[in-house]
Amino acid sequence: MPKVIVIGAGFGGIAASLRLKKKGYDVEIVDQCLDIGGRAQVYESQGYKFDAGPTVLTATFLFDELFKLFGKHIDDYITIKSLNPWYQFIFPDGRKFNYGGSTEEILCEIEKFNPADKVNYLNLLKESKKIFKIAFEDLSAEPFHNFIKMASVSHHLVTLKSYRSVWSFISSHIKDPFLRQAFSIQPLLVGGNPFDTTSIYSLIHYLETKWGIHFAIGGTGALLKGFKKLMLEEGIKLTLNTSVQEIIIENGFAKGIRTKDKKIMNADIIISNTDAAFLYKNLIKKKHQSISAKLKVKFARYSMGLFVLYFGTSKKYKHIEHHTIWLGKRYKELLSDIFNHKTLAEDFSLYLHRPTATDPSFAPDDCDSFYVLAPVPNLQASINWNEEGPKLRSRIIKALDETILPGLAESIKVDFYKTPEDFQTDYCSVYGAGFSIAPLLSQSAWFRFHNKAEGIANLYLVGAGTHPGAGLPGVLCSAKVVDSLINAA
Ligand SMILES: Cc1cc2nc3c(=O)[nH]c(=O)nc-3n(C[C@H](O)[C@H](O)[C@H](O)COP(=O)(O)OP(=O)(O)OC[C@H]3O[C@@H](n4cnc5c(N)ncnc54)[C@H](O)[C@@H]3O)c2cc1C
């Protein structure tokens, strides 16, 4: 059987490996981490468990599909539960907005803020559905390495007014200033500033109403355990704790990889699930790269960094929902500090994950497990994280203690955090960006890193930096694109 090496066991790499296995290839995944999952590692400490990265599951049929390839059923591997609300927004004046459930439930919540926005929301949803139909249903799993393809869909981009930002799209519908924030934060979930991200990402609204928001019992780590079992059952080889240093290229063909300990592994096809910019910057010698790939790396604009604080408490905060978005007083200005000025502000907005709201196995009895995430500038900013990390930790704990988690400071039993520097080291993320390159129109479809490497015949790319983009639905679709580009063995 011809051999495929997949570099990286993130969700994109996992999905690509299963798809290529189904096509009849001998597949081996090589990853530097100790377990599969990429950014979705799992940490355990003193009886508390923490999913390190993705926590919000949607479009779960994309997971099912991978089991169905082998005539298997996801329910035999993992239990997935739907959540309601999807997220609870908490605004600086203390008001709460429960987002999720049925359209009627969402309209009831909107009524509390601005009754006129009920009809505006319904119009927003109609527009979001139009974007979804083209951008997700028709194009998210289509290859875009060919400019003719790009040219053939450009009229859609104009019809959908994709040159607008998400913020401008939302503001053209919703009038309440708080609801405008709640409905425009979605680009942050894939690494973009709502004021710059193409309004194509407003498809997320319809996508969430169509498929809801889910949680895997046992967490994203349990979902990964299910995938690991499937991969091993199907004979995919996992080589972990192994860093790849070079892709060996001869006469425009990728021949194999060289690992950090100088081992050479040959392959007929290589699929890279490393951060796409990292691949071109570090794993392929410049002489083998096309000018277009070099230009993309040179002019790429990256997503923001993330400061993620994991903590376990000695008590339960039963009033806190599974997913909370805690908004600070500044919105546009804070985003501008993070994305444009690249300064670490004193204030922040936060995403708080409380898996124990759904699954008590994440913490000892009567305790809670949390992670709190603050978008911060990536490593293009000059921030000394050794100094700023502990200070930001204290500011976040103080803010939560004084608002929604009273007594937090005294109840923390265990805590640790990740800064953009850790994202750079742990996941080879260029500038420690949380989500690879940003979801801008100028970095979408043909303008994003292609799923077929530029100038190298048998090298393919999956994952957040490639088409269609970051987030679990995005990277799972990128594996479908690669699947469509490679013939059966
Ligand atoms: C904190 C956080 C929360 C998130 N929350 C959500 C969410 O709730 N829902 C959602 O849908 N998305 C979420 N995302 C986004 C989502 O997790 C990512 O977009 C997605 O997981 C990226 O998958 P990937 O396939 O690109 O690979 P990655 O997860 O980036 O994995 C790539 C792997 O390749 C390895 N690698 C890289 N270079 C090498 C090398 N040279 N040698 C060996 N191995 C290498 C890396 O170590 C890594 O293990 C979140 C992301 C973060 C960081």
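### Side note on the site of the ligand
Close to the ligand lie 38 residues, the nearest being G12, D31, R39, V56 and L472. Contacts to the ligand include V56, whose backbone N or O atom sits 2.8 Å from an oxygen atom. Between the ligand and G471, the relevant distance is 2.9 Å, taken from an oxygen atom to a main-chain nitrogen or oxygen of the residue. Here the ligand has 1000 Å² of accessible area as a free molecule, and 95% of this is covered by the chains. Every element with two or more residues in the shell around the ligand is listed here: helix 1 (11-22), strand 17 (368-376), helix 15 (420-427) and helix 16 (472-485). For the shell around the ligand, the residue count by class is 20 nonpolar, 15 polar and three charged.

### Here we look at the pattern of salt bridges
This model, assessed by the stated rule, comprises 29 salt bridges. For the salt bridge of E246 with K285, the shortest nitrogen-to-oxygen distance reads 3.2 Å. Here E246 is found in strand 10 (residues 244-250), whereas its partner K285 is found in the loop between helix 10 (276-283) and helix 11 (291-299), with 39 residues between them in sequence. Among the residues examined, E246 registers a relative accessible area of 16% and is labelled buried. On the accessibility criterion, K285 (43% relative accessible area) is partly exposed. Among the salt bridges present, the one from D337 reaches R330, with a minimum N-O distance of 2.8 Å. Residue D337 is classed as buried on the basis of its relative accessible area, which comes to 11%. For R330, a relative accessible area of 28% translates into the label partly exposed. What emerges from the salt-bridge pattern is a single network uniting R19, K23, E65, K480 and D483.

### Side note on unusual backbone geometry
With the exception of glycine, most residues fall at negative phi, and the peptide bonds are largely trans. Geometrically, the link from N84 to P85 is a cis peptide bond, its omega value of 0° lying close to zero. Relative to the helices and strands, P85 is located in the loop between strand 5 (80-82) and strand 6 (87-90). Along the chain, H467 connects to P468 via a cis peptide bond; the corresponding omega equals 5°. Checked against the element boundaries, P468 lands in the loop between strand 19 (459-461) and helix 16. In this structure, Y431 is a non-glycine residue whose phi angle is positive, near 55°. Along the chain, Y431 falls in the loop between helix 15 and strand 19.

### Some details on the sheet that holds strand 12 (residues 264-266)
To summarise the sheet geometry, strands pair through backbone hydrogen bonds and adopt either a parallel or an antiparallel arrangement. The antiparallel open sheet is built from three strands, whose spatial order is 10-11-12. Here the strands that pair on one side only, and so sit at the sheet edges, are strand 10 and strand 12. The average angle at which neighbouring strand axes cross in this sheet is 30°, direction not considered. Of the pairings in the sheet, the one linking strand 11 (residues 253-259) to strand 12 comprises three bridges and is antiparallel in character. Bridge assignment links G256 to a residue of strand 12, and that residue is N266.

### Some remarks on helix 7 (residues 177-184)
Along helix 7, the positions that sit buried rather than exposed are L179, Q181, A182, F183 and S184. Those residues of helix 7 that are buried lie in contact with strand 6, strand 7 (96-99), helix 3 (103-113), helix 4 (117-138), helix 6 (166-171) and helix 8 (203-211).

### Considering the pairing of strand 13 (residues 269-272)
Every second residue of strand 13 is oriented toward a common face, with I269 and I271 on one face and I270 and S272 on the other, all of them buried. Note: strand 1 (residues 3-7) against strand 13, four bridges, orientation parallel. In the sheet register, I7 faces strand 13, and the bridge partner there is S272. Note: strand 13 against strand 19, three bridges, orientation parallel. Directly across from S272, in strand 19, lies its bridge partner L461.

### Some remarks on the domain arrangement of the protein
On domain assignment, one finds that the protein holds domain 1 (3-81 + 216-299 + 439-485), domain 2 (102-212) and domain 3 (305-427). A separation of 27 Å is found between the C-alpha centroids of domain 1 and domain 3. Listed per partner, the contact involves 21 residues of domain 1 and 28 residues of domain 3. At the boundary of domain 1 with domain 3, total buried surface from both sides reaches about 1900 Å², with 60% on carbon and sulfur atoms. For the pair domain 1 and domain 3, the number of links is nine residue pairs in polar contact (both at pLDDT 80 or more). At the level of elements, strand 3 (42-45) and strand 4 (48-51) are the ones that each hand at least two residues to the side of domain 1 that touches domain 3. Ranked by the residues each element gives to the side of domain 1 that touches domain 3, the list is headed by strand 4, at four residues. Considered class by class, the residues forming the side of domain 1 that touches domain 3 number seven nonpolar, ten polar and four charged.

### Some details on the sheet that holds strand 15 (residues 323-326)
Strand order in the open sheet formed by seven strands is 7-6-15-16-17-14-18, and the pairing between neighbours is mixed. Sheet topology places strand 7 and strand 18 (412-418) at the edges, where each strand pairs with a single neighbour. Between one strand and the next, the sheet's axes are offset by a mean angle of 20°, whatever the strand orientation. When strand 14 (residues 305-313) meets strand 17, the two strands line up antiparallel, connected through nine bridges. Bridged to G312 within strand 17 is S369. Across the sheet, helix 13 (residues 385-402) touches strand 14, strand 15, strand 16 (350-353), strand 17 and strand 18, and the angle it forms with strand 14 is around 55°.

The rules we used
- Residues numbered from 1 in each chain as written.
- Predicted model: local features only at pLDDT ≥ 70, side-chain atom pairs only at ≥ 80, totals over all residues.
- Heavy atoms only, no water.
- Near = heavy atom within 4 Å.
- Polar contact = N/O pair within 3.5 Å; in protein donor to acceptor, adjacent residues only side chain to side chain.
- Areas by Shrake-Rupley, 256 points an atom, 1.4 Å probe, with all protein chains shown as cover.
- Helix = DSSP H or I, 4+ residues; strand = E, 2+ residues; numbered from the N terminus.
- Nonpolar A, V, L, I, M, F, W, Y, C, P; charged D, E, K, R; others polar.
- Salt bridge = Lys/Arg side-chain N within 4 Å of Asp/Glu carboxyl O.
- Buried < 20%, exposed > 50% of the residue type's maximum accessible area, 1.4 Å probe, protein only.
- Pairing = 2+ DSSP bridges.
- Axes fitted to C-alpha atoms, helices over the stretch in contact; angles between N-to-C directions.
- Contact = heavy atoms within 4.5 Å.
- Domains from an automatic or database assignment.
- Buried area = accessible area lost by both parts, 1.4 Å probe.

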